[in-house]
Structures are given as C-alpha cells and as structure tokens.
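A look at the structure
So you can see what is in the structure, the chains are spelled out below.
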Amino acid sequence: MEPIVIIGSGMAGYGLLRELRKLDRETPVTVITADEGAAYAKPSLSNALATGKAPEQLANQTAAQISASMNAEVLTHTRVIRIDTAAQQIETDQGSVPYSHLVLALGADPIAHGVAGPAAGKILSVNDLGDYTRFRTALAGKKSVAILGGGLIGCEFANDLAAAGYEAAVVHLGASPLERILPAPIAQRLSESLAAAGVAWHFGRRAVSAETAGNGITLTLDDGSVLTADVVLSAIGLRPRLALAQAAGVAAGRGIVVDRMLQTSVSGIYAMGDCAEVEGWVLPYVQPLLQQARALAATLAGTPTPVCYPAMPVVVKTPVLPLTVAPPAPNQPGQWSMEMEAACLVARFKNEQGNLQGFVLCGQAPGLRSELTKQMPSVLP
Ligand SMILES: Cc1cc2nc3c(=O)[nH]c(=O)nc-3n(C[C@H](O)[C@H](O)[C@H](O)COP(=O)(O)OP(=O)(O)OC[C@H]3O[C@@H](n4cnc5c(N)ncnc54)[C@H](O)[C@@H]3O)c2cc1C
C-alpha cells in the first residue's frame, strides 16, 4: 500500500499527522521535509528572547521522536523537486517516493527585501528555526538591530529585542505599525508604546541600499537618510510557496488553490497551511491550519469533511501593548467605534445593521476576548 505523503514538517504538516493518528494508527504515512524535521511552535520565534529561550530549547520533539510516536516515516533533509501526478510519485534529491494521497504543507517564503548594495546579503529574515538560530548567532555580543517592516512580525521582534536590551529601529513604509488591520488610534498607541520601550521608528520610509560599516551595516533609506545597526532583520511579509505545485499543473492564485475539502485542482493532491488558498482566503496563522488539519485528517481517514473557519482572532505578541485583532473582511462596509471596557480599550467594527464584523482588544481580558469572538461571524461557516 502506497503511503499518504505529506511534504512539510511545519505546524501544518505535523498538525495533520497528529490529527490523522488520532483517527487511524495504521495507514502508512511519510513526511518529507527539506529541514531537520524538529517540531516547534513557530510563533515562539518572535518572543523567545523575553521568555529566555535559546534556539535549541524551542524544539519540542526531534524528527526521530515524531516518527516513533506517530508511527510514520519522516524523511529529513530531503527536498522535493518534482511531482509526477500521472505516476503518483514525487521526486526528491534522495530518490522517488510513490503516494496514495499527497498533501502539500510547504509553507511560505519571506518576500525579497529588494535592498541593493554590498551588504544586502547580510540582511537576515526569520521564518523557521534554522533562520532563528542564525539570527541569534548574529546577535551575540551585538547592541543594535534594524528591522525592515512594521507589520505583525516586525512589531513582535521590535518588542522582544527592546525588552532584551537591544536598540531596535524599525523602517516601515506605512504611516503607523500594522496600519492595514488596526484602526488609526490603536496603531498610534502601539507605535507610542513601542517607542516608550526604546524602539526608534522610521515611518513612510523603505531601505534602498546596505553598506558594510565595520562589523555592522549602514542602511540608506529612500529619503537619503542613513541608519546604522549591528544586525538587520527583514520582516516585510511572506509569500506562499507555489513553484512545486505550479510546475505539476496544480492551480495556484495567491496560494495553492483548494476547495473546502482542501483538495487542489488535481485529484488526490491537497494543500494546507501557509501555502494554501482556501476559497480565496490565505490566512498564514496557526488557528486556520489547525482547523484544516482536523478536517483533512477526517477526510483522509474516510469521512469526507469540509474545513470550517470560525472567527479566528490573532494575538499580537507585543507585551508593551497586548493586542487581539479580528480584522473585518476586506471591503466590508462599516465603521469603527472605540470604548473602554474592563480596563481595556476595545475597538468594534460594525456594519450598517449594527452587527460586529471586526474588533481589536488592547489589553489582557480573556473573558471579553471570547465574548467578542462569539459575536463575530464565521469566516467560512
Ligand atoms: C516569527 C513568527 C511569528 C509568528 N507568530 C504567530 C502567532 O503569534 N500566531 C499565529 O497564529 N501565527 C503566527 N505565525 C505564523 C505561523 O507560525 C505559521 O502560519 C505556521 O507556522 C505555518 O506553518 P506551515 O507548516 O504552513 O509552514 P512552515 O512552518 O513554513 O513549514 C513548511 C515546511 O515545508 C517544508 N518544505 C517546503 N518546501 C519543500 C520542498 N520542496 N521539499 C521538502 N520540504 C519542503 C519545509 O522544510 C518546512 O518543513 C508566526 C510566524 C512567524 C515567522
């Protein structure tokens, strides 16, 4: 019997394996991963300094432990090069592997920063444990970090670095952090809270070139101003990995296109996690991939199950101003209003009928958070 093959050992690939094994201990499963296959919670990469964790402490299980506990083969340091949909097999840099069903849990690539100059190659990004280990090695004995991008990941790293005593500067094209998902007064509060913690902001700017300056890097910004830091981290966003699927004739848009069964345009091939576009939604967060893992596990175990997305607020890990954000759907008509409640600032986005379509909660109030989440419409009912 050919195995179910999962490409990817991130939270999506391993999440599916765990859910599948709750339902079916025996069907052969092979996980193939280009990295070392350690299981870790990727969100912990942007608050590991504050939690005092070294990179090697972030892995919960090795590939061998997963393999033993999940009765699955895990092929590490193995890169998939091609999918042969006609022969139902994949080609890797270590040989071919046949499959009964194939799951693409390929993740996403950091968007290229576009900075020119001789030191551009020294700019780091953090999208997996290996990247994070390199980042922490680069930080050793250093004082200052410039971050490109003031979105979710950029703000979290800025907070974590500032709290750990580094001088953090953020170069951000927008006029305020997270401006696409936060109403202006809350974005303002976030920028002020991070500034009070020592973060220097360069709003409305992007870095255009990087030169070596002693052991550090001098960035030239698009207004000609310069900024020198020991380490530069790019956090300008991620783009789903599509090339493998596209080369095999699997339809892709912003992500690998799947239906509610997580089935791609090719029968027997599924996609999930950061690489997938589910009915137009590309949601590169943990909660959606957990929903996907449960649904796809049931399908693969013999009970066809469409994925459902409830409202899934995202927690922004900025302890200087803890935020929970459930953005309204794009182009959703409505208005923001703000009030203080349970010692928290709450922004509600309501439509003309007065129904809650989005919210932002500033502060820690788990009860209020679950109350607001309950009032929100499902993303995919
Ligand atoms: C710093 C940071 C902080 C975050 N914080 C949060 C948070 O607080 N809350 C939240 O909800 N989300 C957060 N996220 C997002 C969340 O972590 C991701 O959505 C999730 O981890 C993605 O998992 P994945 O399995 O889809 O992708 P990945 O973890 O990227 O896994 C992809 C896998 O595919 C493998 N692969 C790719 N191509 C090939 C190939 N050709 N051959 C073999 N293997 C291949 C890779 O080796 C890897 O194992 C954060 C992300 C980052 C980077």
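Only a predicted model underlies this, so the values are computations on that prediction, with no experimental measurement involved. (Residues numbered from 1 in each chain as written. Predicted model: local features only at pLDDT ≥ 70, side-chain atom pairs only at ≥ 80, totals over all residues. Heavy atoms only, no water.)

1. What about the overall build of the protein chain?
Selection criterion: Comment: elements are numbered from the N terminus, with helices defined as DSSP H or I runs of at least four residues and strands as E runs of at least two. Computation of the radius of gyration draws on C-alpha atoms, with the globule rule given as 2.2 Å multiplied by the number of residues to the power 0.38. Relative accessibility thresholds used throughout: buried, under 20% of the residue-type maximum; exposed, over 50%; partly exposed, between the two (1.4 Å probe, protein chains only). In this description, contact between two residues means that some pair of their heavy atoms is separated by no more than 4.5 Å. Reported accessibility uses the Shrake-Rupley method at a 1.4 Å probe radius. Residues are deemed covered only where the shown protein chains occlude them.
Looking only at helices and strands, one finds 8 helices and 26 strands in the protein chain. A compact globule built from 381 residues should have a C-alpha radius of gyration of about 21 Å, and the protein chain, at 22 Å, falls within 12% of that. Across its three principal directions, the C-alpha atoms of the protein chain cover 60 × 60 × 35 Å. Here the protein chain holds 381 residues, and 50% of them are scored as buried. In the protein chain, the share of contacts with a sequence separation of at least 24, taken over all contacts with a separation of at least 6, comes to 60%. Element-wise, carbon and sulfur atoms account for 52% of the exposed surface of the protein chain, whose accessible area totals about 16800 Å².

2. Let's talk about the sheet that holds strand 9 (residues 102-104)
Strand pairs in the sheet, formed through backbone hydrogen bonds, run parallel or antiparallel to each other. As a reminder of what qualifies: At least two bridges found by DSSP between two strands are what make those strands a pair. For helices, the axis comes from a line fit to the C-alpha atoms of the stretch in contact; other axes are also lines fit to C-alpha atoms, and the angle between any two N-to-C directions lies between 0 and 180 degrees.
In space, the 5 strands of this open sheet follow the order 5-2-1-9-20, with parallel pairing throughout. Edge positions in the open sheet fall to strand 5 (73-75) and strand 20 (269-271), since each of these has one partner strand only. Ignoring strand direction, the axes of neighbouring strands in this sheet form an average angle of 20 degrees. Alignment of strand 9 against strand 20, held across 3 bridges, turns out to be parallel. By the bridge assignment for strand 20, leucine 104 is matched with alanine 271. Those strands touched by helix 7 (residues 286-300) are strand 1 (4-7), strand 9 and strand 20, and its axis lies near 165 degrees from that of strand 20.

3. Some details on the site of the ligand
Rule in force here: Near residues are defined by distance, with any heavy atom within 4 Å of the molecule or strand qualifying the residue. Polar contacts here mean pairs of N or O atoms no more than 3.5 Å apart (in protein, one a potential hydrogen donor and the other a potential acceptor; neighbouring residues in sequence count only if both atoms are side-chain atoms). Polar here means any residue other than Ala, Val, Leu, Ile, Met, Phe, Trp, Tyr, Cys and Pro, which are nonpolar, and Asp, Glu, Lys and Arg, which are charged; Gly is therefore polar. Each domain's extent was defined by an automatic or database domain assignment.
In the region of the ligand, 33 residues are neighbours, and Ala12, Val80, Asp274, Val286 and Lys317 sit closest. Within the backbone of valine 286, an N or O atom sits 2.8 Å from an oxygen atom of the ligand. Take the shell around the ligand: its biggest share by element is 3 residues, from helix 4 (residues 152-163). Class assignment of the residues belonging to the shell around the ligand gives a composition of 17 nonpolar, 9 polar and 7 charged. Residues from two domains meet in the shell around the ligand; each of domain 1 (4-108 + 239-300) and domain 2 (112-234) gives at least three.

4. A closer look at the domain arrangement of the protein chain
Counted only if it meets this: Buried area adds together the accessible area that both of two parts lose upon being put together, with accessible area traced by a 1.4 Å probe. Salt bridges, as used here, are contacts in which a Lys or Arg side-chain nitrogen is within 4 Å of a carboxyl oxygen on Asp or Glu.
Each assigned domain of the protein chain is listed here: domain 1 (4-108 + 239-300), domain 2 (112-234) and domain 3 (322-375). Summarising the inter-unit geometry, the C-alpha centres of domain 1 and domain 2 are found 30 Å apart. Contact residues are listed per partner, giving 17 residues for domain 1 and 15 residues for domain 2. Together domain 1 and domain 2 conceal approximately 1300 Å² of surface at their shared face, both sides included; 60% is due to carbon and sulfur atoms. Our count for the contact surface shared by domain 1 and domain 2 stands at 0 salt bridges. The tally of links from domain 1 across to domain 2 stands at 8 residue pairs in polar contact (both at pLDDT 80 or more). The residue makeup of the side of domain 1 that touches domain 2, split by class, is 11 nonpolar, 2 polar and 4 charged.

5. Concerning the pairing of strand 8 (residues 95-98)
Across 4 bridges, the pairing between strand 7 (residues 89-92) and strand 8 is antiparallel. Across the sheet, the residue bridging to threonine 92 is glycine 95, located in strand 8. Hairpin geometry of strand 7 and strand 8 is characterised by an intervening segment of 2 residues between the two adjacent antiparallel strands.

6. Let's talk about the packing of helix 1 (residues 11-23) against helix 2 (residues 63-70)
The condition that has to hold: By definition in this entry, angles of less than 35 degrees are roughly parallel, angles greater than 145 are roughly antiparallel, angles of 65 to 115 are roughly perpendicular, and the rest are oblique. The hand of a helix crossing depends on one turn: near helix anticlockwise from the far one by less than a right angle means left-handed, and clockwise means right-handed.
It is at 11 Å that the axes of helix 1 and helix 2 come closest, and there the two elements cross at 20 degrees. Put simply, helix 1 runs roughly parallel to helix 2. Crossing of helix 1 over helix 2 shows left-handed handedness. In contact with Tyr14, Leu17, Arg18 and Arg21 of helix 1, helix 2 contributes Ala63, Ile66 and Met70. Residues that form the contact of helix 1 with helix 2 fall into these classes: 5 nonpolar, no polar and 2 charged.

7. A closer look at the sheet that holds strand 6 (residues 80-84)
Taken in spatial order, the 3 strands of this open sheet run 6-7-8, and their pairing is antiparallel. Looking at strand neighbours, the two that pair on one side only are strand 6 and strand 8, the edges of this open sheet. Across the sheet, the axes of successive neighbouring strands diverge by a mean angle of 20 degrees, strand direction being ignored.

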